[in-house]
Amino acid sequence: MPLSGGTDTPLDRALAAGDRALEAGDLLVALRSYDAARGLAPNAAAPLVGLARVRVAKADVALDYGAGKGNAEIVAARAMLQRAVTLSSDSAAAEVELGRVLLLLGDAAGAMENLHRAVALAPREAEAHSVLGVALLATGHAEGAVAELRTAASLDMGSAARHGNLGTAFLMNGKVADAVKEYELQARLADGDARAHSDLGTALLAGAGDHDLTRGIEELKRAVALDGSRATFHSNLGYALQLEGNLPEGIAEYRRALSIDPRLASAWINLATALAKDPKTRAEARKALGEAQRLDPTDPRVKANLSELDALEHGSVTH
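Residues numbered from 1 in each chain as written. Predicted model: local features only at pLDDT ≥ 70, side-chain atom pairs only at ≥ 80, totals over all residues. Heavy atoms only, no water.

Peer 1: Could you clarify how one ought to interpret the environment of Ala138 in this entry?
Peer 2: Within the secondary structure, Ala138 is located in helix α7 (residues 126-138). Of the residues examined, Ala138 reaches a relative accessible area of 31% and is grouped as partly exposed. Leaving out residues up to four positions away in the same chain, Ala138 has contacts with Tyr65 and Ala108. (Helix = DSSP H or I, 4+ residues; strand = E, 2+ residues; numbered from the N terminus. Buried < 20%, exposed > 50% of the residue type's maximum accessible area, 1.4 Å probe, protein only. Contact = heavy atoms within 4.5 Å.)

In structure tokens form, the structure reads like this:
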């Protein structure tokens, strides 16, 4: 949401310069511009919103729920935005940004009031609906999230991110075909975005046919080719290859995932399920489950897989 009001006042010029610099990733110029705006209007909300956006950008955390917990920059941004909301009760931008920061801090319930107010203040603003939809997803209100994210996508049809978020909401509602359609739009609009192809690939794995699996593997391979540094991309590809029956390549992808992030419990579990199929590698499968259990002793998948492995080793289960 732009912070300038579109006029040619010194304040709007400073805010517009900050917006342009932030979009270009030039945080130093953005900071100076918003600081200049604050000097011109010390009691206005917009400069504080801009400065808070710079703080969030400096934190360089994934824009995912809870990703900013304990981050000093995110905490500082929250204080700035709370001040901005106090200064202006009708600033949709301040309400949206405070809601977004609260989501980063893992406080979805706390974000709701700000985000509902933002939507009421700016019903035609796609970002307000989008962030509210993400908050609804984070609090388990998947149906409400679909409505908000559908509105956001209709208001900003050329945004890959809007279609991706709507796809996730559909997937959480069990509407796989609808999710795939939205993820296809996301991947088409952002062909160079690895996450877009990963989203589409994982959704296709939830389909019922062999064609879906084949397409899913192609998309997941595309994601890995675009960004081979993400452990989850390798783990997802490993799972798809395992579903296809290609255990050697699936196991290799799990190992690549764990070499990148040895704390990825799901990769240890998936590796164990693949290794357990061969009597010669069941001891290693047990070690992999031990690693997963050490990372999360409460994960029910570990207990279930250990029980199945016990049964396999005692010959009481046939496949």
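From this point on, the discussion continues.
Peer 1: I would appreciate a short explanation of the nonpolar core in the present structure.
Peer 2: Across soluble globular proteins, you tend to see nonpolar side chains buried next to one another. Core analysis: the biggest nonpolar cluster contains 58 residues, and Leu3, Tyr34, Val49, Ile74 and Val101 have the highest contact counts within it. Broken down by element, this core gets its largest block of residues, 9 residues, from helix α3 (residues 45-59). Once you skip the residues sitting within four places of it in the chain, Ile74 turns out to touch Val56, Ala59, Val61, Gly68, Val101, Leu104 and Leu105. Of all hydrophobic cores here, the second largest spans 24 residues; its members include Ala231, Ala257, Leu275 and Ala276. (Core = buried A, V, L, I, M, F, W, Y, C linked by side-chain atoms within 4.5 Å.)

Peer 1: How should the environment of Leu309 be read in this particular structure?
Peer 2: Examined against the element boundaries, Leu309 turns out to sit in helix α17 (residues 300-313). For Leu309, a relative accessible area of 2% puts it in the buried group. When the C-alpha atoms of Leu309 and Leu289 are compared, they prove to be 9.8 Å apart, with 20 residues separating the residues in sequence. In this structure, Leu309 is in contact with Ala276, Arg282, Ala285, Arg286 and Leu289, ignoring residues within four places of it in sequence.

Peer 1: How should the side chain of Ser130 be read in this particular structure?
Peer 2: By the element assignment, Ser130 lies in helix α7. Contacts of Ser130, omitting those with residues within four sequence positions, involve Leu149, Ala152, Arg162 and Asn165.

Peer 1: I'm lost on helix α9 (residues 160-172) in this one. Help?
Peer 2: Counting along an α-helix, one turn takes 3.6 residues, and residues three or four places apart therefore face a common direction. Taking 1.5 Å per residue as the helical rise, α9 with its 13 residues ought to reach 18 Å, and the 19 Å between its terminal C-alpha atoms agrees with that figure. Among the residues of α9, Ala160, Arg162, His163, Gly164, Leu166, Gly167, Ala169 and Phe170 are the ones counted as buried. Contacts made by the buried residues of α9 are with α7, α8 (142-155) and α10 (176-189). Of the residues flanking the end of α9, it is Gly174, one or two places downstream, whose phi is positive at about 80 degrees. (Expected span 1.5 Å × (residues − 1).)

Peer 1: Looking at this model, I keep getting lost on α8. Mind explaining?
Peer 2: Here α8 contains 14 residues, and its C-alpha end-to-end distance of 20 Å stays within 8% of the 20 Å for a straight helix at 1.5 Å per residue. Within the sequence span of α8, burial applies to Ala142, Ala145, Val146, Glu148, Leu149, Ala152 and Ala153.

Peer 1: I tried to follow the packing of α3 against helix α4 (residues 72-87) on my own but got confused; where do I start?
Peer 2: A pair of packed helices is captured by two measures, namely the crossing angle of their axes and the spacing between those axes. For the pair α3 and α4, the least separation of the axes is 8 Å and the interaxial angle reads 165 degrees. Relative to α4, the element α3 lies roughly antiparallel. Relative to α4, α3 is oriented so that their crossing is left-handed. Contact residues: Ala45, Leu48, Val49, Leu51, Ala52, Arg55, Val56, Lys58 and Ala59 in α3; Glu73, Ile74, Ala76, Ala77, Met80, Leu81, Arg83, Ala84 and Leu87 in α4. Looking at the contact of α3 with α4, its residues break down into 14 nonpolar, no polar and 4 charged. (Axes fitted to C-alpha atoms, helices over the stretch in contact; angles between N-to-C directions. Parallel < 35°, antiparallel > 145°, perpendicular 65-115°, else oblique. Left-handed = near helix turned anticlockwise from the far one by under 90°. Nonpolar A, V, L, I, M, F, W, Y, C, P; charged D, E, K, R; others polar.)

Peer 1: Hey, could you run me through the confidence of the model for the chain in this one?
Peer 2: The predicted coordinates should not be examined in detail at positions where pLDDT is low. Mean pLDDT over the chain works out to 92, with 98% of the residues at or above the 70 mark. By mean pLDDT, the top-scoring element of the chain is helix α14 (residues 247-260) (97), and the lowest-scoring one is α17 (89). (pLDDT = per-residue confidence, 0-100.)

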